[in-house]
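Chains, contacts and geometry: an overview
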Amino acid sequence: MILDEIPKEDKTQILSSGKVLCVMSGLGKRILIGGDYDLQVAITEALCRMTTGKQRQELADQWFTMEFVANAFKGIKDSEFETDCRKFLNLVNGMLGDRRSVYTYPCLKVFLDEHELLMPADDKLQDFWIDFNVGSQSITFYISPDDNEEVSVTASPRGVCGAHYVQKQYVTGNGFATLNII
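The model shown is predicted, which means the values in this text are computed figures rather than measured ones.

The rules behind the values
- Residues numbered from 1 in each chain as written.
- Predicted model: local features only at pLDDT ≥ 70, side-chain atom pairs only at ≥ 80, totals over all residues.
- Heavy atoms only, no water.
- Helix = DSSP H or I, 4+ residues; strand = E, 2+ residues; numbered from the N terminus.
- Buried < 20%, exposed > 50% of the residue type's maximum accessible area, 1.4 Å probe, protein only.
- Contact = heavy atoms within 4.5 Å.
- Areas by Shrake-Rupley, 256 points an atom, 1.4 Å probe, with all protein chains shown as cover.
- Arc of directions from axis to C-beta.
- Expected span 1.5 Å × (residues − 1).
- Pairing = 2+ DSSP bridges.

This next bit is on the overall build of the protein chain. In terms of regular secondary structure, the protein chain is built from six helices and nine strands. Within the protein chain, the proportion of its 182 residues that are buried is 38%. Long-range contacts, defined here as pairs at least 24 residues apart, represent 50% of the contacts in the protein chain between residues at least 6 apart. Surface summary for the protein chain: the accessible area is close to 10600 Å², and the carbon and sulfur share equals 55%.

Structure (structure tokens):
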């Protein structure tokens with residue numbers, strides 16, 4: 001919110017500082033090794049909020065050495081941030097192959113005990129994504145509760161994984177709950 005309130009002229013002046021540019025470049029590199037999807041989203045959002053659309057077009061090539069990654073970042077629109085950020089991070093994490101620290105997969109359904117969790121209500125989001133975070137050793141996914149608001153769920157699992165099915169048990173406020181991912 002603070003960054004949104006800064007006038008464009010002030011943002012331009014701030015960005016002319018070598019220290020700020022160096023920090024922003026470091027943030028861009030951190031996206032690649034973050035180890036946690038929510039951390040990657042937060043960094044991506046910070047970079048977007050710190051710059052105007054025009055500045056992003058110029059600076060993305062400095063933040064990301066691979067042209068297709070820089071171009072994907074440039075494609076993030078403020079008005080479609082959640083969807084565009086998901087596409088960008090899926091590309092980034094996927095291109096890292098075995099070196100990635102976030103494994104993202106589409107799933108058909110997610111259940112917590114006997115309750116089916118709903119995919120976020122987003123016309124532009126075609127899949128229900130789930131992120132296995134190596135760095136934070138957690139699973140992250142976004143759900144839509146009954147009031148169509150998007151909520152992030154992050155849990156540290158203990159359980160077993162099968163080829164097409166994951167079952168994990170989580171400690172909740174009321175004891176254990178079982179998460180089933182299909």
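Next comes the rest of the write-up.
Our next topic: helix H4 (residues 53-63). Among the residues making up H4, those that are buried are Gln-55, Arg-56, Leu-59, Ala-60 and Trp-63. When H4 is viewed along its axis, its buried side chains cluster within an angular range of 130° and face the same direction. Exposed side chains of H4 directed beyond 90 degrees from the buried face belong to Lys-54 and Glu-58.

Let us now look at helix H2 (residues 18-33). Because each turn of an α-helix spans 3.6 residues, side chains separated by three or four positions end up pointing in the same direction. Here H2 spans 23 Å end to end across 16 residues, near enough to the 22 Å set by a 1.5 Å rise per residue. Along H2, the residues classified as buried are Met-24, Ser-25, Gly-28 and Ile-31. Projected onto a plane normal to the axis of H2, the buried residues spread over an arc of 105° and lie on a single side. Away from the buried face of H2 by more than 90 degrees, exposed residues Gly-18, Lys-19, Cys-22, Val-23 and Ile-33 are located. Gly-35 sits one or two positions beyond H2 and adopts a positive phi of about 80°.

This next bit is on the pairing of strand S4 (residues 128-133). Burial of S4 is extensive: six of the six residues sit out of reach of the surface. Burial along S4 is two-sided: Phe-128, Ile-130 and Phe-132 facing one way and Trp-129, Asp-131 and Asn-133 facing the other are all buried. Bridge analysis of S4 against strand S5 (residues 138-143) gives four bridges, and the strand direction is antiparallel. In the sheet register, Asp-131 faces S5, and the bridge partner there is Thr-140. In textbook terms, the turn of a hairpin is the stretch between consecutive antiparallel strands, and for S4 and S5 this stretch comprises four residues, one of which, Gln-137, has a positive phi near 50°.

Before going further, it helps to examine unusual backbone geometry. The backbone of Gln-137 shows a phi angle near 50°, a positive value even though the residue is not glycine. Checked against the element boundaries, Gln-137 lands in the loop between S4 and S5.

Coordinates in, geometry out; function isn't part of it.
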